[in-house]
Each structure stands twice: as C-alpha cells, then as structure tokens.
Amino acid sequence: MAHNSVGFKDRRVIVTGGTKGLGKAIALAFAREGAWVGVNYSSDDESASRTEVELESVATKSLLLKADVSIGADVQKMISSVLDQWEYVDILVNNAGIIRDKLLMFLDEEDWDRVLEVNLKGTYLCSRAIIKTMIARRFGRIINITSPSALTGRAGQTNYAASKGGIISFTRSLSKEMARLGITVNAVCPGIISTPMIENLDQETKSNLLHMIPMGRFGEPEDVAWAVLFLASEKAGYITGQVLAADGGLT
Amino acid sequence: MDEIVNNSEALCEFLKKMIIDTLKLEGVTVERIDRSAPLFRKGLGLDSIDALELVVAIEKIFDVIIEDEEVGKRAFASISALAGFIQNKYKQRN
C-alpha cells in the first residue's frame, strides 16, 4: 500500500487510554503500519479484551497494559514491564482522558482533582517514565492529545479545559527540554469526533454542533489518528512543540 | 566494571571518555579535561540538557541512579566528584 511510506515497521508504541474510541483508532492505525503497539487502560476489562483481540489480528506485537496513569507507581510498573519485554519505546501517545462536565458553581473538588489527575498528571507521569529510554537512544516521539476546549473554552468544562490547556503548555515546555536529544513533543487537537457520545445526542444539538464545523461533518477517529501518525513519523523530526488540530476547521 | 570503579585513576579516565562519547564533544580529548575543573558552564561548558544524557548514561553503564537535581549538581561538580559519587554508590551496594 502506498501509505506504508510513513514507515512504522517495528517501531514500539504505547497509547494510553488505547482500548476505546480515539485511542483505539490510534493504536490500530499504528499497528496496521507495522508498529508494535502497547495499549493501556485503567478499568474496563471487557472492552480491553475485545480490543486486544482486534489488535492481535493486525499488530506484529501487542501488549495490553492495565494501569491507572494518575498513579506514579502504577505508571512506573507499566513502563518497566514494557521495557523488560520490548527493551525500548519509540513513541508515546498520551491519550488517556476523562470528562466530568459541570458548571463551575456545581463542580466539586473531587471532579476537579480527578480530571486534572488523569489528564494532566497522567501525561506528566507517563512522559517522565519514558524519556530515559528515549534519551538513551536519542530518538523519541511524544504526542499528547488535547482538545478544542483548551483553545476556545467551553462552558461546563473548566476542569477539562484546564487539564487540556495544561497539556499544551506541558508539551511546549517539554519540547524545549528534549529538542537537542532527538525527541519531539507535540500535541494533537481533535475536533468533534463521531463517537457514541456524539451519536447519542439529540438531533438539535447534533445539528448545532455541525453548524460550528466549517467542513460540515464530524471527524472520524481515523482523521485524528493520521495526524498522530504524521507527527510520530521520522520525517516529522523537525516539528516540535506544536499543536496540530485535526478538526475540520473548527478552531 | 568493579575493577574500574575501584581504581580512581582508571575510573576518571573512563568517565572522561564516557562524557566525550555520550555528548559527542567535538575537538575535546581526554587529555584536555581537567579532572578537578567544573563540568558545567566555565569548565567543560556543559549545560543541564547535557546532564540529562549523562544521567541516563551513568544509569545504563554503572546502574547508579541520580535521583534529583541536587544530587546531580554535586555528582557533576567535576570528574573527580563524579568518580567519588559512583565509588560511594558501589560501596553502599556491597
């Protein structure tokens, strides 16, 4: 296939939150391009084992990694187990994320903390656990998934938007630390992606959302996956500290 | 590796070579590095990003972990300091 020229043969990839939705699409896209793919998840064993089967059918090698990315010891254990089996990792996609949407007046401390812990602290913990192996090989790609909420703000998402905005600032700063070491750090901003969450909205909300998107259609998970694969490719080696929006013109 | 670590002279020479190789320092020879001169800024002119690479190399070669920046500052004061730091870690281990 012509698009194989991107070239991920035997590249070792970890996708956090990689057993569902966008993360799963990213994991499968890497797998189809010849990469070894480790997918992390935290709690839903059922969907994880379904994804595992799917991944095994396309990936050269795959790993299912259960860990809560917001807990340092769990992350360390997960990365160590990958390094024990695969020796090193080339690409980390920090995709694991949760939402707890509420207007600020009703947003309690637990909602705030949990979203920041999983989305932002999780990105920090996974990145920190992986950079030594990348520095040792002078090659690495870290891609963090952010959100339009971080760029434009959205009512009911002060916690989520803050976590995703934090991810952008984290991305820019880490990119400067890693630039000389052959490691690029970028963010991908998906637009409104057609997932069950969007499909289940009522017609009016759906059509309002559609009107916001200049391209007039919701994004497919694969639209975002390609942006991630591009930034992870060897040829994107001069691009770092950037936010690439794959959003049909939304932002 | 124990043999080199136990011999300060040999360890210092090894570390000089390790730094030149790891950081791909062009035009720097083992002879040119003074073992008591600072590695950073005025001395050899290394910076904090170079230190990251050295931390990783030391962990790989000696299985010695530099846990934080403060420890790193002391360990990377000079070649002699780094040799002493590694020797201490080995002593603690045995």
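Here is what the cut-offs are and how they apply
Residues numbered from 1 in each chain as written. Chains lettered and ligands numbered in written order. Predicted model: local features only at pLDDT ≥ 70, side-chain atom pairs only at ≥ 80, totals over all residues. Helix = DSSP H or I, 4+ residues; strand = E, 2+ residues; numbered from the N terminus. Buried ≥ 20, exposed ≤ 12 C-beta atoms within 10 Å, placed from the backbone. Contact = placed C-beta atoms within 7 Å. pLDDT = per-residue confidence, 0-100. Nonpolar A, V, L, I, M, F, W, Y, C, P; charged D, E, K, R; others polar. Core = buried A, V, L, I, M, F, W, Y, C linked by C-beta atoms within 7 Å. Axes fitted to C-alpha atoms, helices over the stretch in contact; angles between N-to-C directions. Parallel < 35°, antiparallel > 145°, perpendicular 65-115°, else oblique. Expected span 1.5 Å × (residues − 1). Bend = angle between axes of the 7 residues up to and from the residue.

Our focus in this paragraph is the overall build of chain A. Scanning chain A from terminus to terminus reveals 9 helices and 7 strands. When its C-alpha atoms are laid out on the principal axes, chain A stretches across 50 × 45 × 40 Å. By the burial criterion, 44% of the 251 residues in chain A qualify as buried. The long-range share in chain A, meaning contacts at least 24 apart out of those at least 6 apart in sequence, stands at 74%.

What follows concerns the confidence of the model for chain B. The share of residues in chain B with pLDDT of 70 or more is 100%, and the mean pLDDT across the chain is 93. The complex prediction reports pTM at 0.93, with the ipTM value standing at 0.87.

Okay, the interface of chain A and chain B next. Chain A puts 6 residues into the contact, and the matching count from chain B is 5 residues. Top contributing element to the side of chain A that touches chain B by residue count: helix α4 (residues 109–137) of chain A, with 3 residues. Per-class residue counts for the side of chain A that touches chain B are 3 nonpolar, no polar and 3 charged.

Moving on, we come to the nonpolar core. Residue and element names in this part refer to chain A. Counting 87 residues, the largest nonpolar core has V13, I26, A27, F30, V37, V188 and V228 as its most contacted members. Considering every element that reaches this core, the biggest residue donor is α4, with 10 residues. Setting aside chain neighbours within four positions, we find A27 in contact with V15, G18, V37, V39 and L55.

In the contact formed by α4(A) and helix α3 (residues 48–62) of chain B, the axes pass within 9 Å of each other and the chain directions differ by 95°. One element, α4(A), and the other, α3(B), form an angle in the roughly perpendicular class. Residues A:K132, A:I135 and A:A136 of α4(A) touch α3(B), and the partners they reach there are B:L52, B:E53, B:V56 and B:K60. Of the residues assigned to the contact of α4(A) with α3(B), the class counts are 4 nonpolar, no polar and 3 charged.

A few words now on α3(B). An ideal rise of 1.5 Å per residue puts 21 Å on 15 residues; α3(B) measures up with 20 Å between its terminal C-alpha atoms. Among all positions in α3(B), only B:D50, B:L54, B:V55, B:V56 and B:I58 are buried. Looking at the buried residues of α3(B), the elements they touch are α4 of chain A together with α2 (8–22) and α4 (69–75) of chain B.

This brings us to the environment of A:G17. Residues and elements named next belong to chain A. Of note, G17 is situated in the loop between β1 (12–15) and α1 (21–32). Sequence spacing of G17 and V69 is 52 residues, and the spatial spacing of their C-alpha atoms is 8.9 Å. In contact with G17, not counting residues within four places along its chain, are G23, N40, Y41, N95, A96 and G97.

Here chain A shows a mean pLDDT of 95. Residues at 70 or above account for 98%. Of the regions scoring below 50 in pLDDT, residues 1–5 of chain A engages in 1 contact with residues more than four places distant in sequence or in other chains.

Attention now goes to α4(A). What sets the pattern is the α-helix's 3.6 residues per turn: residues three or four places apart point alike. Residue and element names in this part refer to chain A. Here α4 contains 29 residues, and its C-alpha end-to-end distance of 41 Å stays within 8% of the 42 Å for a straight helix at 1.5 Å per residue. At K121, α4 shows its largest kink, close to 35°. Backbone geometry just after α4 places R138 at a positive phi near 50°.

All names here are of chain A. Along the chain, A29 turns up in helix α1. Overall, A29 belongs to the buried group, with 24 C-beta atoms counted inside 10 Å. Distance from A29 to A225, taken between C-alpha atoms, is 6.6 Å for residues 196 residues apart in sequence.

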